[in-house]
Amino acid sequence: QVALVESGGGLVQAGGSLRLSCAASGSIFSINRMGWYRQVPGKQRELVARISSGGSIVYGDFVKGRFTVSRDTAKNTVYLQMNSLKPDDTAVYYCYGLVRPLKFGSNEYDAWGQGTQVTVSS
């Protein structure tokens, strides 16, 4: 019913910046919550940032003012601006959306992107 397409990952030196984008498409009535999670091999997936349709934002503790999440609700698109990147930020970053489908009476469900690799060298 829905696809989340991510872009913007890549290789960057420590202290550099990247901007990730994720656009959702398909049979979507609305997406109440969108955000980003990341995962390193051998570790649990962790929250990076999420934002509701009303603008409420939650960041992971490691962000410490370095990352900014934003969204264009009308376009079902979410962004993650990452500054002052550290080697510990190296991970696969996954886009997330809590989707309300167009079909009347359907429940909201979790949708995930394919992931984009972010590698920070030093």
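See above for the structure.
Since this is a predicted model, take the numbers as computed values, not measurements. (Residues numbered from 1 in each chain as written. Predicted model: local features only at pLDDT ≥ 70, side-chain atom pairs only at ≥ 80, totals over all residues. Heavy atoms only, no water.)

Let's talk about the overall build of the chain
Move 1: Scanning the chain from terminus to terminus reveals zero helices and 11 strands.
Move 2: Counted from the first residue to the last, the chain has its helices and strands arranged as β-β-β-β-β-β-β-β-β-β-β.
Move 3: Seen along its three principal axes, the alpha-carbon backbone of the chain occupies a region of about 50 × 25 × 20 Å.
Move 4: The buried share of the chain, taken over its 122 residues, is 40%.
Move 5: When contacts within the chain are restricted to residue pairs at least 6 apart in sequence, long-range pairs at least 24 apart make up 55% of them.
Move 6: About 6,500 Å² of surface is accessible on the chain, with carbon and sulfur atoms providing 48% of the total.
Move 7: Here the chain contributes 13 positively and 8 negatively charged side chains, and the mean placements of these two sets differ by 3 Å. (Helix = DSSP H or I, 4+ residues; strand = E, 2+ residues; numbered from the N terminus. Buried < 20%, exposed > 50% of the residue type's maximum accessible area, 1.4 Å probe, protein only. Contact = heavy atoms within 4.5 Å. Areas by Shrake-Rupley, 256 points an atom, 1.4 Å probe, with all protein chains shown as cover. Lys, Arg positive; Asp, Glu negative; His and termini not counted. Charge placed at Lys NZ, Arg CZ, Asp CG, Glu CD.)

Quick look at the sheet that holds strand 3 (residues 18-26)
Move 1: Across the sheet, four strands lie side by side as 1-3-8-7; this open sheet has antiparallel pairing. One side of each edge strand has no neighbouring strand; the edge strands of this open sheet are strand 1 (2-7) and strand 7 (67-72). Strand-to-strand twist across the sheet, computed as the mean angle between neighbouring axes with direction ignored, equals 15°.
Move 2: When strand 3 meets strand 8 (residues 77-82), the two strands line up antiparallel, connected through six bridges. The partner of Ala23 across the bridge, within strand 8, is Thr77. (Pairing = 2+ DSSP bridges. Axes fitted to C-alpha atoms, helices over the stretch in contact; angles between N-to-C directions.)

A look at unusual backbone geometry
Move 1: The phi dihedral of Lys64 is positive, around 50°, even though this residue is not glycine.
Move 2: As for its position among the elements, Lys64 is in the loop between strand 6 (57-59) and strand 7.
Move 3: Overall, Lys64 belongs to the exposed group, its relative accessible area being 69%.
Move 4: If you check the backbone angles, Asn76 has positive phi at about 50° while not being a glycine.
Move 5: By the element assignment, Asn76 lies in the loop between strand 7 and strand 8.
Move 6: Classification of Asn76 as buried rests on a relative accessible area of 14%.

So, the nonpolar core
Move 1: If you look at the biggest cluster of nonpolar residues, it comprises 28 residues, and the most contacted ones within it are Trp36, Val48, Phe67, Val78, Leu80, Met82 and Tyr93.
Move 2: Excluding residues within four positions of it along the chain, Val78 makes contact with Leu20, Ser21, Cys22, Met34, Trp36, Ile51, Val69, Ser70, Arg71 and Cys95. (Core = buried A, V, L, I, M, F, W, Y, C linked by side-chain atoms within 4.5 Å.)

Side note on the state of the cysteines
Move 1: A complete count under the given rule lists one disulfide for this structure.
Move 2: Here Cys22 connects covalently by a disulfide to Cys95, the sulfurs 2.1 Å from one another. On the sign convention where negative is left-handed, the bridge of Cys22 and Cys95, at about -85° about the S-S bond, is left-handed. Of this pair, Cys22 sits in strand 3 while Cys95 sits in strand 9 (residues 91-101), and the two are 73 residues apart along the sequence. Of the two residues, Cys22 and Cys95, both sit in the buried class. (Disulfide = S-S within 2.5 Å.)

Points about the side chain of Thr116
Move 1: You can see Thr116 is positioned in strand 11 (residues 116-121).
Move 2: For Thr116, the side chain forms a polar contact with the main-chain nitrogen of Gly9, separated by 3.4 Å.
Move 3: Among residues more than four places away in sequence, those in contact with Thr116 are Glu6, Gly9, Leu20, Ala91, Val92 and Tyr93. (Polar contact = N/O pair within 3.5 Å; in protein donor to acceptor, adjacent residues only side chain to side chain.)

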